[in-house]
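Chain by chain, the residues:
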Amino acid sequence: MPVGAPSVTSSVTSSETEPAWTGLPPGLLKLRRLLLVLWLVPLTVAVGVLLQILAGPAWAAFALIPLALLLWGWPMLGRNWRSWRYAERADDLLLSRGVLWHEETIVPYGRMQLVEVTSGPLERKFGLASLQLHTAAAATDATIPGLAPAEAERLRDRLTELGEARSAGL
Amino acid sequence: MSQEPPEDTTGIRERRLHPVTPLRRAWAPIAILLGWAVHDMDQAQRQLAQLTATTLAIGLGVLVPAAALYGFLTWWFTHFAVTDTELRIRTGLLFRRTAHIRLERLQAVDVTQPLLARFVGVAKLKLDVVGADKKDELAYLGEKEARDLRAELLARAAGFAPESAREVGEAPAQQILHTPPRMLAVALLLTGTPWAMLLAAVAVPGFLWFATHNLWTVIAVGVPLFGGAFTNSAGRFIKEYDWTVGESPDGLRIDHGLLDRVHETVPPGRVQTVRIVEPLLWRRHGWVRVELHVAGSANSVLVPVAPREHAEDVVARVLPGVAVPKPADFTAAPRRARWCVPFWWRAYGVAVTETAFAARHGLLQRCLSVVPHAKVQSVRVTQGPWERFWRVADLHLDTGANKTVTARLRDAQEAAELLRGQADRSRTGRRDARPDRWMAGPRQKAPHGE
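Please read these numbers as outputs of a predicted model, since none were measured by experiment.

Draft legend 1. Expanded view of the overall build of chain B. Scanning chain B for helices and strands turns up 13 helices and 21 strands. The proportion of buried residues among the 450 residues of chain B is 34%. Across chain B, the fraction of contacts at a sequence separation of at least 24, relative to all contacts at a separation of at least 6, is 55%.

Draft legend 2. Expanded view of the overall build of chain A. Counting secondary structure elements, chain A contains 5 helices and 7 strands. The buried share of chain A, reckoned over its 170 residues, is 25%. A sequence separation of at least 24 residues applies to 53% of the contacts in chain A between residues at least 6 apart.

Draft legend 3. View of the packing of helix H8 (residues 192-212) of chain B against helix H9 (residues 215-232) of chain B. Residue and element names in this part refer to chain B. For the pair H8 and H9, the least separation of the axes is 8 Å and the interaxial angle reads 175 degrees. One way to sum up the angle between H8 and H9 is to call them roughly antiparallel. On the side of H8, the interface is formed by Thr193, Pro194, Met197, Leu198, Ala200, Ala201, Val204, Pro205, Leu208, Trp209 and Thr212, while H9 contributes Thr217, Val218, Val221, Gly222, Leu225, Phe226, Gly228, Ala229 and Asn232. Classifying every residue of the contact of H8 with H9 gives 14 nonpolar, 6 polar and no charged.

Draft legend 4. Representation of unusual backbone geometry within the structure. Residues and elements named next belong to chain B. The omega torsion across Ala139 and Tyr140 is -10 degrees, close enough to zero to call that bond cis. Along the chain, the position of Tyr140 falls in strand S7 (residues 136-142). Positive phi outside glycine occurs at Asp242, with the angle close to 55 degrees. Position of Asp242 relative to the elements: it lies in the loop between helix H10 (234-240) and strand S9 (244-248).

Draft legend 5. Structural context of the sheet that holds strand S17 (residues 356-361) of chain B. Residue and element names in this part refer to chain B. Taken in spatial order, the 7 strands of this open sheet run S14-S13-S12-S18-S17-S16-S15, and their pairing is antiparallel. Each edge of the open sheet is held by one strand with a lone partner, namely strand S14 (301-307) and strand S15 (331-332). Relative to S17, strand S16 (residues 349-352) runs antiparallel, the two being bridged by 4 bridges. For Val352, the partnering residue across the bridge sits in S17 and is Phe357. The sheet strands contacting helix H11 (residues 308-318) are strand S12 (271-278), strand S13 (287-294) and S14, and the helix crosses S14 at an angle near 145 degrees.

Draft legend 6. Representation of the packing of helix H2 (residues 27-54) of chain A against helix H3 (residues 64-83) of chain A. Residues and elements named next belong to chain A. At a minimum axis separation of 9 Å, H2 and H3 run at an interaxial angle of 175 degrees. When the axis of H2 is compared with that of H3, the two are roughly antiparallel. Of the residues in H3, those touching H2 at Leu28, Leu29, Arg32, Arg33, Leu36, Val37, Leu40, Leu43, Thr44 and Val47 are Pro66, Leu67, Leu69, Leu70, Gly73, Trp74, Leu77, Gly78 and Trp81. The residue makeup of the contact of H2 with H3, split by class, is 14 nonpolar, 3 polar and 2 charged.

Draft legend 7. Region of the structure containing the pairing of strand S7 (residues 142-147) of chain A. Residue and element names in this part refer to chain A. Looking at chain direction, strand S6 (residues 129-135) and S7 are connected through 4 bridges and run antiparallel. Residue pairing for S7: Gln132 is matched across the bridge by Thr143. Counted along the chain from S6 to the antiparallel partner S7, the turn is 6 residues long.

Draft legend 8. Representation of the confidence of the model for chain B within the structure. Residue and element names in this part refer to chain B. On average, residues of chain B carry a pLDDT of 82, and 85% of them reach 70 or more. Segment residues 1-9: pLDDT under 50, and 5 contacts once partners within four positions in sequence are set aside and those in other chains are kept. Taken as a whole, residues 441-450 scores under 50 in pLDDT and shows 7 contacts with residues more than four places along the chain or in a different chain. This prediction of the complex comes with two scores: 0.79 for pTM and 0.80 for ipTM.

Draft legend 9. Molecular detail of the pairing of strand S10 (residues 251-256) of chain B. Residues and elements named next belong to chain B. In the sheet, S9 pairs with S10 via 5 bridges, with the strands oriented antiparallel. Bridge pairing in S10 places Ser248 opposite Gly251. In textbook terms, the turn of a hairpin is the stretch between consecutive antiparallel strands, and for S9 and S10 this stretch comprises 2 residues. Two elements, S10 and strand S11 (residues 261-266), share 5 bridges in a ladder whose sense is antiparallel. Its bridge partner being in S11, Asp255 is matched across the sheet by His263. Where S10 folds back onto S11 in an antiparallel hairpin, the turn is made up of 4 residues, including Gly257, whose phi is positive at roughly 115 degrees.

Draft legend 10. How the structure looks around the sheet that holds S9 of chain B. All names here are of chain B. With antiparallel pairing, the 7 strands of this open sheet are ordered in space as S7-S6-S5-S11-S10-S9-S8. This sheet does not close on itself; its edge strands, each paired only once, are S7 and strand S8 (174-178). This sheet shows a mean twist of 20 degrees between the axes of neighbouring strands, independent of strand direction. H11 rests against S8, S9 and S10 of the sheet, and its axis sits at about 140 degrees to S8.

Draft legend 11. Looking closely at the confidence of the model for chain A. Residue and element names in this part refer to chain A. In this model, chain A carries an average pLDDT of 83, and 88% of its residues clear a pLDDT of 70 or more. Per-element confidence in chain A ranges from a low mean pLDDT of 40 for helix H1 (residues 5-16) to a high of 93 for H3. Low pLDDT, under 50, characterises residues 1-15; the predicted model gives this stretch 16 contacts beyond four residues in sequence or across chains.

Draft legend 12. The arrangement of the environment of Gly246 of chain B in detail. All names here are of chain B. Here Gly246 shows up in strand S9. Residues Gly246 and Arg46, 200 residues apart in the sequence, show an inter-C-alpha distance of 56 Å. In this view, Gly246 contacts Ala173, Gln174, Gln175, Ile176 and Arg253; residues no more than four positions away in its chain are not counted.

Draft legend 13. Main features of H2 of chain A. Residue and element names in this part refer to chain A. Compared with an ideal rise of 1.5 Å per residue, which puts 28 residues at 40 Å, H2 spans 40 Å between its outermost C-alpha atoms and is within 8% of the ideal. Burial in H2 covers these residues: Leu28, Leu31 and Arg32. Where H2 is buried, its residues touch H3, helix H4 (121-125) and S7. Positive phi shows up at Gly56, right after H2, with a value of about 110 degrees.

What counts and how
Residues numbered from 1 in each chain as written. Chains lettered and ligands numbered in written order. Predicted model: local features only at pLDDT ≥ 70, side-chain atom pairs only at ≥ 80, totals over all residues. Helix = DSSP H or I, 4+ residues; strand = E, 2+ residues; numbered from the N terminus. Buried ≥ 20, exposed ≤ 12 C-beta atoms within 10 Å, placed from the backbone. Contact = placed C-beta atoms within 7 Å. Axes fitted to C-alpha atoms, helices over the stretch in contact; angles between N-to-C directions. Parallel < 35°, antiparallel > 145°, perpendicular 65-115°, else oblique. Nonpolar A, V, L, I, M, F, W, Y, C, P; charged D, E, K, R; others polar. Pairing = 2+ DSSP bridges. pLDDT = per-residue confidence, 0-100. Expected span 1.5 Å × (residues − 1).

As structure tokens, then:
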């Protein structure tokens, strides 16, 4: 096994000091806010207009619900976006996410079976790509969304390289 | 014929399955007919009455040869071969399928003998591989051939030289645990599920009878319920009868079954997690059930029932170097966890030893999961809003057998430390693990002493 004594000392120090966290680029936040607006503004208008015509002005107040959702969702998306961060340590990848339901995941490089970079049509439009790590455990849910494609590819290559060096099978 | 196997062109000998195999295939059309007849009994009777002797004879004359031909052809086109590193299976009449199974990735080998196959003297060989959604099986082989093939596959998987692999033969097994039928029967009687299902099977149709007075509804509901109760009680007894756990250099041997005999072999180092379950009513006898999880395998019972000391002894052999932590080794959840999970918070506990991580839960049915550090694939800490308010968090350890071991309601600070610590332990723990080819390499060592 190529992992020798130096990595042990480095891991001890790295587990003591706070790792260097990296956040997500702002593209993802823009995309999500745009989607929020694109869904909720027409909905507000449609509900307001339809109820105004069919049931009267009092009922049209229901249009305030999607509006309130929009106003509440705007900062919430920001908080959620800020909560996503990752750190490359000497021997494993750290992932932290979620505000109310917080989750922190550690995936040792040696356990990675497959590193995937995906990018949907909308994500491509905004210049974003997602990175997904698979281990032998299906429960491992390690995805980093909304990375810049160059960063996603750099991470993929680096993780694959590190994974090969520390490969451990099952 | 163009599909003739390339005999000995590359030194690989292709073989066919046992000649009784076509009979198994011939069952399919008859079963479909029977199923149709049972499904719609009135109409089947009417149709049968209308049939004359000639149509019957013609029908049989067409159906039986067609079924026989189908069975024969599938048998004819199924070949398998063992190479140095792979088991190759070629099969398929219209859609050809070739499976190459890498032997060093083999997780378990089962030889099973259904009741009818026992009369004929044939057996099925099933192989568990990581990532395959269904078991690859060779059905049927001659009884002796199946055993020899299992020995050969295991020998090759263990890393014996190819020329000696065939001669190594069956590794000697040493019995380490046997469940007496009496104990199994008592244990099943003391299990809640069969009783609950039996009660439901009596109560629900009875209630329906009073409510609807419709016999068919009662039968339609009652039969599946009784079936469920049966599989959970008598069915389990038949399946777990004569449960024997043995140990050999090839790994763990599990033999069981009253009617269908099953012989499982789990090579060393394949076990991902072990779970020790102690149902409420077994506690007085000090009995436990042990489950094990192997990647790519569905079978999970290691010991259906055994006294705790014996069970822990078996676990120590399944996970070499791992001792099941004693109750005193566990650290309990903090007291404020009672606001998150009332009563049951008392049962939560974790223990970290040099080689394994253990978590327990369950107040009535106690449950203890042990996972060796080397088998942990990823570690997670989750915390919901209510848990954050009480400063507790849950720790999850994901393993390759698609099982997650969860330690609930740890102090948040402690959970963070466990998370970082576990990542380091899991990484370093792998270094002492045995190689995939367990008889090869520098760490060649004799199996456990007697």
